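In case you want the letters, here they are:
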Amino acid sequence: MPDPRRDVPRTDQVLADPRLREAVDRLGSRLVKQTVVAAQQRCRDGEIEPGAVADVAAESLPQQAATLRRVLNATGVVVHTNLGRAPLSRAAVEAVTTAAGATDVELDLATGRRGRRGRGALEALAEQVPDAGGVHVVNNGAAALALATRVLARGGRSIVIARGELVEIGDGFRIPELLESVGAALREVGTTNRVRLSDYAAAVDDDTAFVLKVHPSNFTVTGFTSSVSVRELTGLGPPVVVDIGSGLLAPHPRLPNEPDATSALRAGADLVTASGDKLLGGPQAGLLLGRAELVERLRRDPFARALRVDKLTLAALEATLTGPAPPVAAALATRPEDLRARARAICAALPAECEPEVVDSDGVVGGGGAPDVTLPSVAIALPEHFAVPLRLGEHPVVGRVERGRLLLDLLAVDPGEDRDLIGAVTRVARREGR
């Protein structure tokens, strides 16, 4: 019997194909060669003919060198942690592309000397929150709180915090463990559901570094409850640090119970920490806003260097703050009647075998923001068995399954993605119909 391996084209012969030579410039030789080797193995296994190896390799090439894939978020969760939280605006994406090359991130082009790092982003943040005397940016929300704790509670000084605010912020990370990991001692006051100003007052002493108020994430406590406002806490003496979590810079009409930086500062908070990739709608970043001398003290601490953000984050943050409304803000402002019109148009464009149906839906903010708020939305209902092939398709679509139907909620789907959604569902329907 002739050895079939003799008929498999050599690697250098396959790589000589113009399509693969071009791909080497775009993807790198390693990824292209891996794709060729996989096609050669299929030939050895008898799955394809020798003459088809180059064609199969070219068709199997990844779209980009990174493994992350663009996903269409039809879950109804606006800030979906598993899908990267806030999607960036087009302006922010363009800013990141510009920042990917050589930039003036720390250079004053007028003088030719070193300039203030991220000046544009910091000025934009200060403009958005004029009640903040100083602003600083680190790499995420937890880092912002960690920096404040390490600097203000250095030497094992204590932080006074209500027991009901010792929350877990996701993936097993807990506020008390974070604070203790950077050297603070915690003094818990009150109970899970109730805390009074007198509880705080009894715990404050000369060793108190600051009083911390944390916005609970992903849950609400109702019924027999009580809490203490920021304004009341400011009368205790020590600095008041407020971790608002979700990154809302000013009050939002659809999120009346969500804390925001402006209100906290006006109530007398010395420092506010927040995330940039949630309700602000920008890149992953930690925001610090507060008294000028306090923020400058944090910025100049050696530990701040370990939490520094890169030029891509600074560019995306500035564009988010100065550019058009980011997708998160657009989703929160969307009217159900507009979603319904889009859903009807999408259903009309889908094959009948999809059994599409326009249904009312309930969306949520996500990302630990506004856990008690339901956002009226509209979805397209499909048979449940569409869920897996849509997730695994050429352009992955992620929805949610409820009562035996797959719901593709349009709340977090940009109108510009409707055509992609139609194409993805249609391709699955055609495969199912074979």
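Bear in mind that the values here come from a model prediction, so they are computed numbers and not experimental data.

On to the overall build of the protein chain. For the protein chain, the count of helices and strands is 18 helices and 17 strands. In terms of overall dimensions, the protein chain has a C-alpha envelope of 90 × 55 × 45 Å along the principal axes. Across the 434 residues that make up the protein chain, the buried fraction comes to 46%. For the protein chain, the proportion of contacts with a sequence separation of at least 24, taken over those separated by at least 6, is 73%. Averaging the coordinates of the 52 positive side-chain charges in the protein chain and doing the same for the 56 negative ones gives two points 3 Å apart.

For the rest of this paragraph, the subject is unusual backbone geometry. One non-glycine residue with positive phi stands out, namely Arg85, at about 60 degrees. Within the secondary structure layout, Arg85 lies in the loop between strand S1 (72-73) and helix H5 (90-99). By relative accessible area, Arg85 is classed as partly exposed at 22%. The backbone of Glu355 sits at a positive phi, close to 55 degrees, despite the residue not being glycine. With respect to the helices, strands and loops of the structure, Glu355 is situated in the loop between helix H16 (336-349) and strand S13 (357-363).

Looking at helix H12 (residues 292-300), one finds that the buried residues are Leu294, Val295 and Leu298. Taken around the axis of H12, the buried residues stretch over an arc of 95 degrees, which confines them to a single face. Exposed and facing more than 90 degrees away from the buried side of H12 are Glu293 and Arg300. In this structure, the buried side of H12 is in contact with strand S4 (134-138), helix H7 (141-152), strand S11 (271-275), strand S12 (286-290) and helix H13 (303-306).

Read from one edge to the other, the open sheet built from four strands follows the order S13-S14-S17-S16, with strand pairing classed as antiparallel. Pairing within the sheet leaves two strands with one partner each, and these edge strands are S13 and strand S16 (400-402). Across the sheet, the mean angle from the axis of one strand to that of its neighbour is 45 degrees, orientation sign disregarded. Looking at chain direction, S13 and strand S14 (residues 375-383) are connected through seven bridges and run antiparallel. Note on S14: the bridge partner recorded for Gly363 is Leu375. Sitting on the sheet, H16 touches S13 and S14, and the angle it makes with S14 is about 15 degrees.

On to the sheet that holds strand S8 (residues 185-189). Sheets are built from strands that pair by backbone hydrogen bonding, the pairs being arranged parallel or antiparallel. The seven strands lie next to each other as S4-S12-S11-S10-S9-S5-S8, forming an open sheet whose pairing is mixed. Single-partner strands in this sheet number two, and they are S4 and S8. The sheet shows a mean angle of 25 degrees between the axes of neighbouring strands, taken without regard to direction. Pairing analysis gives four bridges linking strand S10 (residues 240-245) to S11, with the strands arranged parallel. For Gly245, the partnering residue across the bridge sits in S11 and is Ala274. Contacting S4, S11 and S12, H12 crosses the sheet at an angle of about 30 degrees to S4.

Cut-off values and rules
- Residues numbered from 1 in each chain as written.
- Predicted model: local features only at pLDDT ≥ 70, side-chain atom pairs only at ≥ 80, totals over all residues.
- Heavy atoms only, no water.
- Helix = DSSP H or I, 4+ residues; strand = E, 2+ residues; numbered from the N terminus.
- Buried < 20%, exposed > 50% of the residue type's maximum accessible area, 1.4 Å probe, protein only.
- Contact = heavy atoms within 4.5 Å.
- Lys, Arg positive; Asp, Glu negative; His and termini not counted.
- Charge placed at Lys NZ, Arg CZ, Asp CG, Glu CD.
- Arc of directions from axis to C-beta.
- Pairing = 2+ DSSP bridges.
- Axes fitted to C-alpha atoms, helices over the stretch in contact; angles between N-to-C directions.

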